[in-house]
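Working through the structure, step by step
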Amino acid sequence: MPAWVWRTIALLTLFGFSAWAIRRAGDRLRAELGGSGGKPRAGLLKDEIDAIVSSGLATPKTLAAMSPKEQRMLASMALALRSGQNQRPTREQ
């Protein structure tokens, strides 16, 4: 066979191996960081997720589809709503 065929096969093999190695490293890193399905986790606490779901702002399925920024914003809103409901009225109010 001509030399260009061997070079082409070698380049394709090298490219395939490189792609496999990069993908495997990414999967390992995601597993160590706790991500799943290629999506990074937002890192919401269970209390924050419970506050969001119990206040009716989102379901667990829609929460999983949101970006981390949206999840953080929704969590802060839900916790503010929850803390506002727990406050007792004072004489000034």
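These remarks concern the structure in this document.

Rules of the game
Residues numbered from 1 in each chain as written. Predicted model: local features only at pLDDT ≥ 70, side-chain atom pairs only at ≥ 80, totals over all residues. Heavy atoms only, no water. Helix = DSSP H or I, 4+ residues; strand = E, 2+ residues; numbered from the N terminus. Buried < 20%, exposed > 50% of the residue type's maximum accessible area, 1.4 Å probe, protein only. Contact = heavy atoms within 4.5 Å. Arc of directions from axis to C-beta. Salt bridge = Lys/Arg side-chain N within 4 Å of Asp/Glu carboxyl O. Phe/Tyr/Trp six-rings, centres within 6.5 Å; stacked < 30°, edge-to-face > 60°.

Description of the overall build of the protein chain
From N to C terminus, the protein chain includes four helices and zero strands. Reading the secondary structure of the protein chain in the N-to-C direction produces α-α-α-α. The buried share among the 93 residues of the protein chain stands at 12%. Across the protein chain, the fraction of contacts at a sequence separation of at least 24, relative to all contacts at a separation of at least 6, is 48%.

Looking at helix α2 (residues 46-55)
Among the residues making up α2, those that are buried are Glu48, Ala51 and Ile52. Seen end-on, α2 carries its buried residues on one side only, within an arc spanning 95°. For α2, exposure combined with an orientation more than 90 degrees from the buried face picks out Lys46, Asp47 and Ser54. Within two residues after α2, Gly56 carries a phi angle of roughly 80°, on the positive side.

Considering the pattern of salt bridges
Per the counting criterion, the structure on display carries three salt bridges. Between Asp27 and Arg30 there is a salt bridge, with the nearest N and O atoms lying 2.7 Å from each other. Pair noted here: Asp27 and Arg30 are both in helix α1 (residues 3-33), with a separation of three residues, about one helical turn. One salt bridge in this structure joins Glu48 and Arg72, with 3.0 Å as the shortest N-O distance. Note that Glu48 is positioned in helix α2 and Arg72 in helix α4 (residues 68-86), a separation of 24 residues in sequence. The partly exposed category is assigned to Arg72, whose relative accessible area is 37%.

Focus on the packing of aromatic side chains
By the definition in use, this model includes one aromatic pair. Centre to centre, the rings of Phe17 and Trp20 are 5.7 Å apart; their planes meet at 35°, and the pair counts as tilted. Placement of the pair is Phe17 and Trp20 together in helix α1, with a separation of three residues, close to one helical turn. Overall, the relative accessible area of 48% leaves Trp20 in the partly exposed class.

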